[in-house]
Amino acid sequence: MRVKLQRLAHTRSGDKGNTSNIAVFAFEPLFFPVLREQLTAERFKAFYNGAITGQVIRYEVTNIDAFNFVCEGALGGGVSRNLGLDNYGKALSSAILGFELDVPDDWGGLLRGPVSDFVRW
Amino acid sequence: MKQSIRIGTGSGWWGDRISPAAELAKHGQLDYLCFETMAEATISAAQVRARRDTNFAGYDTYLEDRLTAVLPACLANGTKIISNQGWINPDAAAAKAIEILRQLGATGIKVAAVNGSLITERVLGLTDTILENGQPTQTLADTLISAEVYLGAEPIVRALAHGADIVFTGRVADPSLFLAPVMHAFGWDPLDHNRLAQGSAVGHLLECGAQVTGGYFVDPGFKDIERPWDLGFPIAEVYQDGSCVITKLAGTGGCVTLQTVKEQMLYEVHDPAHYLTPDVTVDFTTAKIELVGPDRVRVSGVSGKPRSPTLKVSMGCQEGFVGEDMFFYAGPGALRRAEIAKTVLLERFKIVDLQSDDLRIDFLGLNAIHGLATPSDAPEPYEVAVRVAARTRTRAQAEKVGREVDGMAVSGIAHTGKRVPFQDRVREVIGIWSSLVARDAVQATVTISES
């Protein structure tokens, strides 16, 4: 079945200069290989659809079942220059929660949160 | 020597809440309470303010509030304070603290000021290349406001070794504020990179306050916590081997879980195996984290590599202005009206010849936060704010943004909601650039006074 990332992982973003790091943490170790295979740096960048202007590097942090996506050019030139309302990009980490992945049908009981729908994410 | 020490966070940024720090001071049984109050542009903004406002003392604007809230309990409990609230004037921060201590009747308390981070006058001679764009730092000569080196834990350790009860610094790397008391308490060698890495990890986990105890965390239905309005600030129990337990005061809201610790471990980190601080290069990929009790997470196994021969220097420069404002639509057709309003503004900006390096007109409620990453099938909002921002070279150009939004009041689109301008709609841009400076070019000094 196809599910949004928010059912498999939680995320947090931080800023340094014009770079945002968006870390993705699998809720279960079981989910980690699925994230590794499907949530590649290329797809991650493509999902942000131009909001990340530079390269995206994905670091694996296997000891905590996490990936750190370091996204250059995601903060409008840096916190003080950024014309966006969220200068620090602290809300950037929520966009990727809408990324869709294929997971085994029998994972239903392991997935987190309510089933999302279009009206209420 | 103690087997372990207890360190608490008094603030994770300049605007942080004050009462959780007071609670920690009273009930945390702390050896040290550490305050982090600076962002990247704090020093430069303080320099600009100091030039204009001769009454500005140059330290954290909440210094008095914070000290008044925690000092009585810290004095009673023997808790030492380490703080980067000194900003551009650690000496003045120390003097203020002594004044407050005397008002409280506390005599013989030693207050240290750590100076040496500010190198504005000589930075261009000490540095070569701007890290962000590869240009010579000399290109910043005309616009430079301030340059400050990120100092490490060492000068704070020196202050503690001289008996300081309270230490004020200017720019110090955030984790170093917390590493310093651990190094001092356990007599660590400043080149023992594995131990320093563990101590720096403690600092990294504590430096943003409640971000490790349930702040910046709640997502209903996915990540729920108790009483998110009453988060306790974190405490680390740190052991001689550098391992620690992250916890918080019993009875406070929030939580310390594997999830909160993991999220904070990677916060503002790039390569998790090479997190650079002035003291050591930290490798988080060897860390082991375990839940060892309610709101108790043990962190061990963080490893390190020797510190780099250079220190990072941050340079703040004048880069012009941003003008911004917003206005509102609601009800059926709100987005259509917002779209035509955007067209009107873009035409108006041509008519008034707005000269900008960057311009954004967003629909808050639809795409102002995620911008281009907003899904194309996102639902239409019932209410929408049209939010306009332009970056310009001059203040006069930036003022055009607010003046054209004013025009939308009676010359705009049907059902335009407007607010009376209640704030300055122009702000200065202080651009931040980085470079590297040789470690031995920077000598920190420690001055100690007594109340």
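Residues numbered from 1 in each chain as written. Chains lettered and ligands numbered in written order. Predicted model: local features only at pLDDT ≥ 70, side-chain atom pairs only at ≥ 80, totals over all residues.

Chemist: Can you help me understand the overall build of chain B in this one?
Modeler: A tally of helices and strands in chain B yields 11 helices and 18 strands. What you see for chain B is a C-alpha radius of gyration of 24 Å, in line with the 22 Å of a compact globule of 451 residues. Judged by the C-alpha coordinates and their principal axes, chain B covers about 75 × 55 × 45 Å. Each of the 451 residues in chain B was classed as buried or not, and the buried ones make up 51%. A fraction of 76% describes how many contacts in chain B between residues 6 or more apart in sequence connect residues 24 or more apart. (Helix = DSSP H or I, 4+ residues; strand = E, 2+ residues; numbered from the N terminus. Rg over C-alpha atoms; globule rule 2.2 N^0.38 Å. Buried ≥ 20, exposed ≤ 12 C-beta atoms within 10 Å, placed from the backbone. Contact = placed C-beta atoms within 7 Å.)

Chemist: Mind showing me how you'd approach the nonpolar core here?
Modeler: Among soluble globular proteins, nonpolar side chains are generally buried collectively. With 163 residues, the main nonpolar core has A:Val24, B:Leu33, B:Ala112, B:Val167, B:Leu205, B:Ile246 and B:Val299 as its most contacted residues. It is strand E14 (residues 310–330) of chain B that provides the largest number of residues to this core, a total of nine residues. Split by domain, this core shows at least three residues from each of two domains, domain 1 (4–116 + 151–308) and domain 2 (315–433) of chain B. With sequence-adjacent residues up to four places away left out, B:Val167 is seen in contact with B:Ile82, B:Ser83, B:Ala112, B:Val114, B:Ile156, B:Ala159 and B:Leu160. (Core = buried A, V, L, I, M, F, W, Y, C linked by C-beta atoms within 7 Å. Domains from an automatic or database assignment.)

Chemist: In this structure, what is going on with the sheet that holds strand E18 (residues 445–450) of chain B? I would like to understand it.
Modeler: Backbone hydrogen bonds hold the strands of a sheet together, and the pairing may be parallel or antiparallel. All names here are of chain B. Taken in spatial order, the 10 strands line up as E11-E12-E8-E7-E1-E2-E3-E6-E4-E18 in an open sheet, and their pairing is mixed. A strand with exactly one partner marks an edge of an open sheet, and here the two such strands are strand E11 (288–293) and E18. Each neighbouring strand pair of the sheet contributes to a mean axis angle of 20°, computed without reference to strand direction. With four bridges connecting them, strand E4 (residues 110–115) and strand E6 (residues 166–169) associate as parallel partners. If you follow Val114 over to E6, its bridge partner there is Thr169. Sheet contacts for helix H7 (residues 174–186): strand E1 (4–11), strand E2 (32–35), strand E3 (80–83) and strand E7 (234–239); angle to E1, the most-contacted strand, approximately 160°. (Pairing = 2+ DSSP bridges. Axes fitted to C-alpha atoms, helices over the stretch in contact; angles between N-to-C directions.)

Chemist: Help me out: how do you make sense of the domain arrangement of chain B in this one?
Modeler: How big an interface is tends to be expressed through the accessible area that disappears when the partners come together. Residues and elements named next belong to chain B. When the domains of chain B are assigned, the result is domain 1 (4–116 + 151–308) and domain 2 (315–433). Distance between the C-alpha centres of domain 1 and domain 2: 38 Å. Each side of the interface is counted separately: domain 1 has six residues, and domain 2 has four residues. Tallied by class, the residues present in the side of domain 1 that touches domain 2 amount to four nonpolar, one polar and one charged. (Nonpolar A, V, L, I, M, F, W, Y, C, P; charged D, E, K, R; others polar.)

Chemist: Looking at this structure, I do not really get the sheet that holds strand E5 (residues 66–72) of chain A. What am I missing?
Modeler: Read across the sheet, four strands follow the order E2-E3-E5-E4 (chain A) without closing on themselves; strand pairing throughout is antiparallel. Pairing within the sheet leaves two strands with one partner each, and these edge strands are strand E2 (9–16) and strand E4 (56–61) of chain A. Between one strand axis and the next, the sheet turns by 20° as a mean value, whatever way the strands run. Across six bridges, E4(A) lies against E5(A) in antiparallel orientation. Across the sheet, the residue bridging to A:Arg58 is A:Phe69, located in E5(A). Most of the contacts of helix H9 (residues 258–265) of chain B go to strand E3 (residues 19–26) of chain A, to which it runs at about 155°, and overall it touches E2, E3 and E5 of chain A.

Chemist: For this particular structure, what's the right way to read helix H3 (residues 63–77) of chain B?
Modeler: Turn by turn, an α-helix covers 3.6 residues, leaving residues three or four places apart pointing in a common direction. Residues and elements named next belong to chain B. In this model, H3 (15 residues) spans 20 Å end to end at C-alpha, consistent with the 21 Å of a helix rising 1.5 Å per residue. Maximal helix bending in H3 amounts to about 40°, located at Leu71; proline Pro72 follows within four positions. Buried within H3 we find Leu63, Arg66, Leu67, Ala69, Val70, Leu71 and Cys74. Buried residues in H3 make contact with E1, helix H1 (19–27), E2, E3 and helix H4 (90–103). Following H3 by one or two positions, Gly78 has its phi on the positive side, about 70°. (Expected span 1.5 Å × (residues − 1). Bend = angle between axes of the 7 residues up to and from the residue.)

Chemist: Before we go on, may I ask you to explain the environment of A:Gly73 in this structure?
Modeler: Structurally, the position occupied by A:Gly73 is in the loop between E5 and strand E6 (100–102). With 18 residues separating them along the chain, A:Gly73 and A:Gln55 place their C-alpha atoms 7.7 Å apart.

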